[in-house]
Amino acid sequence: MAHIPTGTGRLPWRASVLTLFPEMFPGPLGVSLIGQALSAGLWSLTLHQIRDFGIGRHRAVDDTPAGGGAGMVMRADVLAAAIDRARETDADLPLLYMSPRGVPLTQARVRMLSEGPGAMILAGRFEGIDERVIVGRGVTEVSIGDYVLSGGELAAMVLLDACVRLIPGVLGAEESLAHESFEDGLLEYPQYTKPRDWEGRPTPEVLLSGDHKKIAAWRRAEAEQLTRERRPDLWGARGKRR
Ligand code: SAM
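Residues numbered from 1 in each chain as written. Predicted model: local features only at pLDDT ≥ 70, side-chain atom pairs only at ≥ 80, totals over all residues. Heavy atoms only, no water.

### Quick word on the pattern of salt bridges
Working definition: two side chains of opposite charge can pair if their charged atoms are close together. Taken as a whole, this structure holds 16 salt bridges when the rule is applied. Across the salt bridge formed by D84 and R137, the nearest N and O atoms sit 2.8 Å from each other. Taken together, the residues span a long stretch of sequence, with D84 in helix 2 (residues 76–90) and R137 in the loop between helix 4 (131–136) and strand 8 (140–143) at a distance of 53 residues. Assessed through its relative accessible area of 26%, R137 is described here as partly exposed. Salt-bridge contacts for E88 lead to R85; the nearest nitrogen and oxygen are separated by 4.0 Å. One end of the pair, E88, and the other, R85, are both in helix 2, 3 residues apart, so they sit about a helical turn from each other. Linked through salt bridges whose partners overlap, the residues forming this network are R14, D90 and D92. (Salt bridge = Lys/Arg side-chain N within 4 Å of Asp/Glu carboxyl O. Helix = DSSP H or I, 4+ residues; strand = E, 2+ residues; numbered from the N terminus. Buried < 20%, exposed > 50% of the residue type's maximum accessible area, 1.4 Å probe, protein only.)

### Brief notes about the pairing of strand 2 (residues 13–19)
Of all 7 residues making up strand 2, 6 are buried, and the element is well covered by its neighbours. Where strand 2 meets strand 3 (residues 43–49), 7 bridges bridge the pair, whose relative direction is parallel. In the sheet register, W13 faces strand 3, and the bridge partner there is W43. One crossover worth recording links strand 2 to the parallel strand 3 by way of helix 1 (residues 32–40), and it is right-handed. Across 5 bridges, the pairing between strand 2 and strand 7 (residues 118–123) is parallel. Looking at the pairing, S16 lines up with M120 of strand 7. (Pairing = 2+ DSSP bridges. Right-handed = clockwise from strand over helix to strand, strands pointing away.)

### Considerations on the domain arrangement of the protein chain
As far as domains go, the protein chain holds domain 1 (2–164) and domain 2 (179–241). Look at where the C-alpha atoms of domain 1 and domain 2 centre, and you get two points 35 Å apart. (Domains from an automatic or database assignment.)

### A short note on the layout of surface pockets
Put simply, the largest pocket is a space of about 580 Å³. Contributing to the lining of the largest pocket are 19 residues, with L105, T106, Q107, A108 and F182 lying nearest its centre. Those elements giving two or more residues to the lining of the largest pocket turn out to be helix 3 (107–114), helix 5 (152–164) and helix 8 (232–241). The dominant element in the lining of the largest pocket, judged by the number of residues it contributes, is helix 8, at 5 residues. When residues of the lining of the largest pocket are sorted by domain, at least three fall in each of domain 1 (2–164) and domain 2 (179–241). Each pocket or cavity is described by its volume, and for the second largest pocket that value is around 450 Å³. Looking at the second largest pocket, it is lined by 25 residues, and the ones nearest its centre are Y97, S99, P100, E127 and G128. Residue assignment for the lining of the second largest pocket shows that the elements contributing at least two residues are strand 6 (95–104), helix 4, strand 8 and helix 5. Here the lining of the second largest pocket gets 5 residues from one element, more than from any other, and that element is strand 6. Grouping the amino acids of the lining of the second largest pocket by side-chain chemistry returns 12 nonpolar, 8 polar and 5 charged. (1 Å grid on protein atoms, 1.4 Å probe; cavity = no way out; pocket = protein on both sides within 12 Å on 5 of 7 lines; lining within 4 Å. Points joined across faces, edges and corners; volume = space filled by probe spheres on them. Nonpolar A, V, L, I, M, F, W, Y, C, P; charged D, E, K, R; others polar.)

What follows is the structure, encoded as structure tokens:
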């Protein structure tokens, strides 16, 4: 087990990752705001090497699929041993398995996770994991999209990045979160900055008007139009929520 230490006495949001490739971490989570938050102790990262729980001299973690077929499957007994060890210190964390079959990772799920104590994440490899460990250890499968990655580590990093940026104090301007895509079931409105005119394309006049009410109304209308055009699924779901 490797623990990437944090710098303050404050209770951090805890990430506990079970993986065959702990050397991939913190990787992109070690830079910029998320990395600074790790150093500052706003969140902590504990890594568990699944191979430490492997079977025999070669520490085998996988075997051929029952019933035949291509590839290898991660063993239930090995994964359960790794999970049980990780739970000795982090029993309160929800256990997630990154999986293309899982429930979609949405901003609502990210927010819910970020408001809890943290997350324990199992990163799969090969053809995936023995179904019995999913049932036997109460695992929630979470997908980051309808495509197949070669391993769960990048998916775990996506989930962690999305959660950690919502922890109070991680982002400078908390206000910027309120208007982001998905926060109100809408995609974000278009953004502009300097220069005022660029390659013959002016910044919309309303944004330079100083009239905050008008600006808010324009942004709302743009966000609604974008959502209707690009994500009819989101737009339809908004109607049902109300
Ligand atoms: N045979 C599996 C299937 O068809 O569902 C795919 C296994 S994939 C090659 C190996 C691992 O990558 C999975 O166990 C999972 O941890 C991870 N993974 C792949 N795609 C993912 C996705 N869209 N979301 C989350 N995790 C994913």
